[in-house]
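Summary of structural features
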Amino acid sequence: MFVHMSKSIQAQGSMRPTKLTCEYQENPLGIDATAPRLSWKIEEEKEARGIKQTAYYILVASTAELLAKDQGDLWNSGKISSEQSIQVEYAGKPLESRRDCFWKVRIWQNNGKPSAWSYPAKWSMGLLKNNDWQAKWIKAKEGETSPWLRKEFSLSSTPEQASVFVNVKGYYELYVNGNKVSDDVLSPAVSVLKKRTLYNTYDISKLLHKGNNCVGIWLGLGLDLRGEPGPVPLARVQLEMKVKGQRKVIGTDSTWTCMPSTHTEFGWDWGGNGREIIDERKYVSDWSKPGLSAKWNPVEVYAGSIGTASAQSCSPTRVTKIIPAFNCTALKANTYELDFGTNLTGWLRLRLPKMNEGDTVKIFFADKKFQNPNGETTPAGLIKPHNEHRIETSNGPVAYQTFGQEVKYISAGKKDEEYCGKFNYAGFRYAIIKGLSSKPSLVDAEALMIESNLEKAGSFKCSNDLINKIYETNLWTIRCLNLGGYMVDCPHRERMGYGGDGQTSIDAQMMSLDASSFYSKWAIDWLDVQDSLTGKSAQFAPVNNDQTYWIPWGGMIDVLPWKVYLYYGDHRLLERAYKSMVNYTTKYVESLYPDGINREGGGDYPGCDWVTPAHGMTNPPGTELFLNCYRVYLFDLLTKSADALKKADDARNFQVRMDKLKTLINSNYCKNNTKFYYGEESLDFAMPLLLGIVPEYLRGTVMKKLEETIKVKNQGHLDTGMLGSYFLFEALMKINRNDLAYNIVNQKGYPGWGYQLSRGATTFGEQWNLDWSQIHACYLNPGGWFYQSLAGICPDEKGPGFKRIIIKPEIVGDLEWVNCSYNSIQGVIVSNWKRNRNQLTMDISIPPNTSATVYVPTVSANEVTESGKPIMNIKGVKYLRLENGAAVYAVGSGTYRFQSSLLHK
C-alpha cells in the first residue's frame, strides 16, 4: 500500500529507526548491488511491550541538501504498510555508476503514531559496467613481488570531491601525497580469481590539493596468487575527481612508473606461506609524494584475461588489538625469544637497535615451544614439533613449531629502524629473533592482531569459570581465523577456507560477531568454485586449484546460504545459491551412489569425522554411516530452502528423496534389532537421532545407547572430531539432553576443551592432544552451543533474521546463573537466568518489531509468574503448552521477568 505523506506530519511515537545499513554496512562506498537492501533497527524510548512497526517511509536523495528538505528525488517510497525492517529492497530510479545516495526512514508503530525521521545515512555506487573502467591493468616486471607504482599529476584547483577505485590482483596499500588512504590491511579480501577480482572505493577528497599531486600503490603478492607460476601482482586504479565542476579521471596506464620496494615475498606453499625478505637499504623516502627525483621504471600494461571486477562486500581486514610482549628470554648469543602470552594471527612490530648497514636479522614465528625437542607425552601418545626450528641453548635444545614462518630483515644502518609485517601475516605466540647485538626491551616489541573488522554482537558469561574460559578461548580462536573474507583453517600451514573446518564455527561466530557481510561474501566464493556442468563443489574456497575433496566439505555450498538466511533473513542470497545447492546435492553427490547408499566409507570420495581423539588424521569407524547421514542433512537443507523460497514441488520432492534415503540407512545399519547403526561411538547414534532417521519405536533404545556411550564408555568425555562434535552437540540440543553436553564441556581431562586449556593452550588446536597446529578451526562449536543452549537464544526458522525468536535456556549441571545478550539484525536480545535452590528467575528482553516463544523450566505451569503476577493476569503473555519440563509462552517485544519453581537439586 503506497500513500503520499505530507511534510506536516509530526513525530508522535516513542520509536525511532536507528543503525541504518545498506547491504549490511553503515554508509558503504562503491557497492555494486543495483537494488541494494536497506535495514534499520528500532529504538524504543520507553519500556513498552508488544511494540511493532506497521509501516515505513523511505526517502533516497541524490544530495544531502535535498534529503534535509524531505525530497527523495531518487526514491520516495510513500508510506508502505509493512512490518519489514530488514532487507528492504531499493525500488527507486535506476542507479548508475558513481551515484551518491543519501537516505533516511521513518516508521509507524502499532498505536498508529509515526516516529521522527532517522538520522541520515549514505551509500555510493561503484563502477557497474566494464566500460566504466578507463584505467588499465598494469604490473612491474617479472619477479617483483612487492613493487611501488606511482603517478604524478597536476590539478588547477582543489577538487570539490574525489574518489578512487582500487582493483588489485594480490594485496595493496594505497597512498596519496604520502598519506596512507585507509587503515585497511591485506586488502582486498581473497577471492576466486578465475571468476572475480575485488575492488574497494575510497573518498580521497581531503588528500588532494591544487598543484602537483601523487598517487602511489604498494603491491604485495597475496594469498590469491599462491601456486601460480612466476606470479606478480596486478593493479588497476582509477581516480575520479570533480575539479571546478568538471570530471577528471586519472587511471593506471603506460604512463605510470614503478620501482622494486624493500620487500620480496617467496615460498608461498604448504608449511611455508608468505615468507619475506625486507631490505631496508632499498627504502626510498617519500616514494609516494610528488617531486621525487629517484629513478623509476616504466610499468607494463597487462592485456591478459582477468576475472569480473566486483565490489568487495565484506568488512575489511584491520589491526584490531595491540599486544605488548609478555617476556623476552636470551636463548644464546644474539638470539632472543619474545613471548606474547597468547597465540594470535597478525604481525610483529619490533623497534630495532642501531645496526650497521647490511646487518641481517632473522625472525622465526612459532605457535608452540617444545622444551624437549624429542616430544611431549599425551594420553594419545607422543607428539613432536612439526616444521621445527631448533635452537641449542645453555639449558639444552629447544624446538619451536614454526611451519616455515620466517622473515629476513637487512638493515640500512639508520637510527630508529623498525620491522613490521605488511603483505604477510603469521600465526604465533613466540617470535625468535636472531642477529641482534642486544636484548630487545619489552616496550620495543608488540604483536598486532589482524582480523576481519567485525563488530561485537554477543556476550556470554556464567557461574562456571571453566565454561567462561572455553567461551573466551573459542572466540579468540575464531578471531584468529576470520581474515580476508573467509575462515582459514589455520593461519600458518595452509590458510585454506576448508568447508569442513568452516562449518564448525558458523553458529559461534554469527552469535558472537556481526558476520553478516563476512559469510554472505564467503558464500559467493563457494558458488564461484563450483563446476557449473557437473555440480561438483570443492574442498575449500576461495583459494582453489582443482582439488579432490570430501563430500561434507563441499557441502558448505548448501550450508552457508541457509545459515545466512536463517540468521540475517537474506532471501536474495538463498535464491541466488539455490540452483547451485540443488546441483551439488542432487546432480553431483547423488550421482556417486546409483544404488542409493554409500557402502564404501572413505573410498575415492572420502569425508568423515576428521581428527577424532582415537583416530586422528585417519578415517574412524562409521565413516559410511556418517556420509549417508550427511547426505540426509543436505536434503534437509534443500527441503527447508525450497520451502523458504515457496518452491512447494521441489520441497515435496526433496522430502520424498530424503525419506527414501532414511529408509535405506535403517535397512543397512539396523540389523535384527541387535546392532543399531555402527554402535561404536557417540556419533553413530547422535547423527541418526538429530536427522530423524531413527524410527519412532527405536528412539528410546538409541537414545539410551547414546547416553551409555557418553557416560559409561567415554566416562563423560566426547569421542568425536571436527564435524562430529558439531553434530553431536546439535543432536543433544534437539533431544533435550543438554545435561550430557554440559558434562562433556565441563571436563578438564582428555579429550576436551578443558584438557587443551590445562596444557596451556591460548587458542584451540588441530587435534585434541594438541598435536600439529595450535590455532585451528576444528573444534569451535561450543561457542554457538553456549548461546543457544545454556542461554537459550535461538533463531526460529518460522521467522528468519530473528523476526521470531526462541528463548529456551537449559538449567543444567552445577550452573547457578547465565548472563547473555545477542545484538541480532533486529536488535538486542537478552536472556539472563539465575537459580537459588529450586527457584528460577529469568530476565529476558525481546527487541521491538519481533516476537518470541519462551520456554520457562518449571515443575508446573501453575508455578510460573511474570513480574510477580500470575500469567493469566499479564497482557501480552500467552500460555501455549507444557513441553519437556518447561511452560511455553508466546510474547511480543519488551522486557520480562519470569519466575518458577524447579525440581530440587
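Report follows, based on the coordinates. (Residues numbered from 1 in each chain as written. Predicted model: local features only at pLDDT ≥ 70, side-chain atom pairs only at ≥ 80, totals over all residues. Heavy atoms only, no water.)

Observations concerning the overall build of the chain
Within the chain one finds 16 helices and 51 strands. At 29 Å, the chain has a C-alpha radius of gyration in line with the 29 Å of a compact globule built from 905 residues. If one aligns the C-alpha atoms of the chain with their principal axes, the spans along those axes are about 85 × 80 × 55 Å. Burial analysis of the chain (905 residues in total) assigns 63% to the buried set. When contacts within the chain are restricted to residue pairs at least 6 apart in sequence, long-range pairs at least 24 apart make up 74% of them. With the model as given, the accessible surface of the chain reaches about 34000 Å², and the carbon-plus-sulfur share is 47%. Looking at charge distribution, the chain has the averaged site of its 105 positive side-chain charges lying 4 Å from that of its 95 negative ones. (Helix = DSSP H or I, 4+ residues; strand = E, 2+ residues; numbered from the N terminus. Rg over C-alpha atoms; globule rule 2.2 N^0.38 Å. Buried < 20%, exposed > 50% of the residue type's maximum accessible area, 1.4 Å probe, protein only. Contact = heavy atoms within 4.5 Å. Areas by Shrake-Rupley, 256 points an atom, 1.4 Å probe, with all protein chains shown as cover. Lys, Arg positive; Asp, Glu negative; His and termini not counted. Charge placed at Lys NZ, Arg CZ, Asp CG, Glu CD.)

Brief notes about the packing of helix α14 (residues 738-745) against helix α16 (residues 782-790)
Axis separation between α14 and α16 bottoms out at 12 Å; the angle between their running directions is 140°. Taken together, the axes of α14 and α16 are oblique relative to one another. Once α14 is placed against α16, the crossing between them reads as left-handed. Mapping the contact onto sequence places N738, A741, Y742 and V745 in α14 and W785, F786, S789 and L790 in α16. Its residues assigned to classes, the contact of α14 with α16 comprises six nonpolar, two polar and no charged. (Axes fitted to C-alpha atoms, helices over the stretch in contact; angles between N-to-C directions. Parallel < 35°, antiparallel > 145°, perpendicular 65-115°, else oblique. Left-handed = near helix turned anticlockwise from the far one by under 90°. Nonpolar A, V, L, I, M, F, W, Y, C, P; charged D, E, K, R; others polar.)

Here we look at the pattern of salt bridges
Per the counting criterion, the structure on display carries 46 salt bridges. Measuring nitrogen to oxygen at the nearest pair gives 2.6 Å for the salt bridge that ties D570 to R37. Here R37 lies in strand β3 (residues 37-44) and D570 lies in the loop between α7 (556-568) and α8 (571-588), a separation of 533 residues in the sequence. Given the relative accessible area of 0%, D570 is considered buried. R737 is the partner of D739 in a salt bridge, and the nearest nitrogen-oxygen pair spans 2.9 Å. Three or more residues joined by partner-sharing salt bridges are found here, namely E23, R37, E89, D570 and R572. (Salt bridge = Lys/Arg side-chain N within 4 Å of Asp/Glu carboxyl O.)

Structural notes on the sheet that holds strand β33 (residues 396-401)
Pairing in this open sheet of three strands is antiparallel, and the strands run β29-β33-β32 from one edge to the other. Here the strands that pair on one side only, and so sit at the sheet edges, are β29 (368-370) and β32 (388-393). Pairwise comparison of adjacent strand axes, ignoring direction, gives a mean angle of 25° for this sheet. Bridge count for β29 against β33 is three bridges, and the pairing is antiparallel. What sits directly across from K369, in β33, is Y400. (Pairing = 2+ DSSP bridges.)

A word on the environment of V215
Its location among the elements puts V215 in strand β16 (residues 211-220). Between the C-alpha atoms of V215 and A380, which are 165 residues apart in sequence, the distance is 57 Å. The residues contacting V215, other than those within four sequence positions of it, are L149, R150, K151, F153, L174, Y175, V176, L239 and W256.

Concerning the sheet that holds strand β2 (residues 15-22)
Spatially, β2-β3-β7 is the arrangement adopted by the three strands of the open sheet, whose pairing is antiparallel. The outermost strands of the open sheet, each flanked by one partner alone, are β2 and β7 (88-89). Note: β3 against β7, two bridges, orientation antiparallel. If you follow R37 over to β7, its bridge partner there is E89.

What to know about α16
Burial of α16 is extensive: nine of the nine residues sit out of reach of the surface. Where α16 is concerned, the buried positions are P782, G783, G784, W785, F786, Y787, Q788, S789 and L790.

Notes on the packing of helix α11 (residues 682-690) against helix α13 (residues 722-734)
The contact between α11 and α13 brings their axes to 8 Å, and the two run at 55°. Classified by the angle between their axes, α11 and α13 sit oblique to one another. Every pair of crossing elements has a handedness; the one defined by α11 and α13 is left-handed. Judged by residue contacts, S682, L683, A686, M687 and L690 of α11 engage G724, F727, L728, E730, A731 and K734 from α13.

Examining the packing of aromatic side chains
All chains considered together, the criterion is met by 49 aromatic pairs. Measuring from centroid to centroid gives 5.5 Å for W40 and Y56, while their planes differ by 65°, and the two rings are edge-to-face. Highlighted residues: W40 in strand β3 and Y56 in strand β4 (residues 53-61), separated in sequence by 16 residues. Ring geometry for F802 against Y822: centres 5.1 Å apart, planes inclined by 55°, an arrangement best described as tilted. Of this pair, F802 sits in the loop between β41 (793-795) and β42 (804-807) while Y822 sits in strand β43 (residues 817-823), placing them 20 residues apart in sequence. With respect to class, F802 is no different from Y822; both count as buried. (Phe/Tyr/Trp six-rings, centres within 6.5 Å; stacked < 30°, edge-to-face > 60°.)

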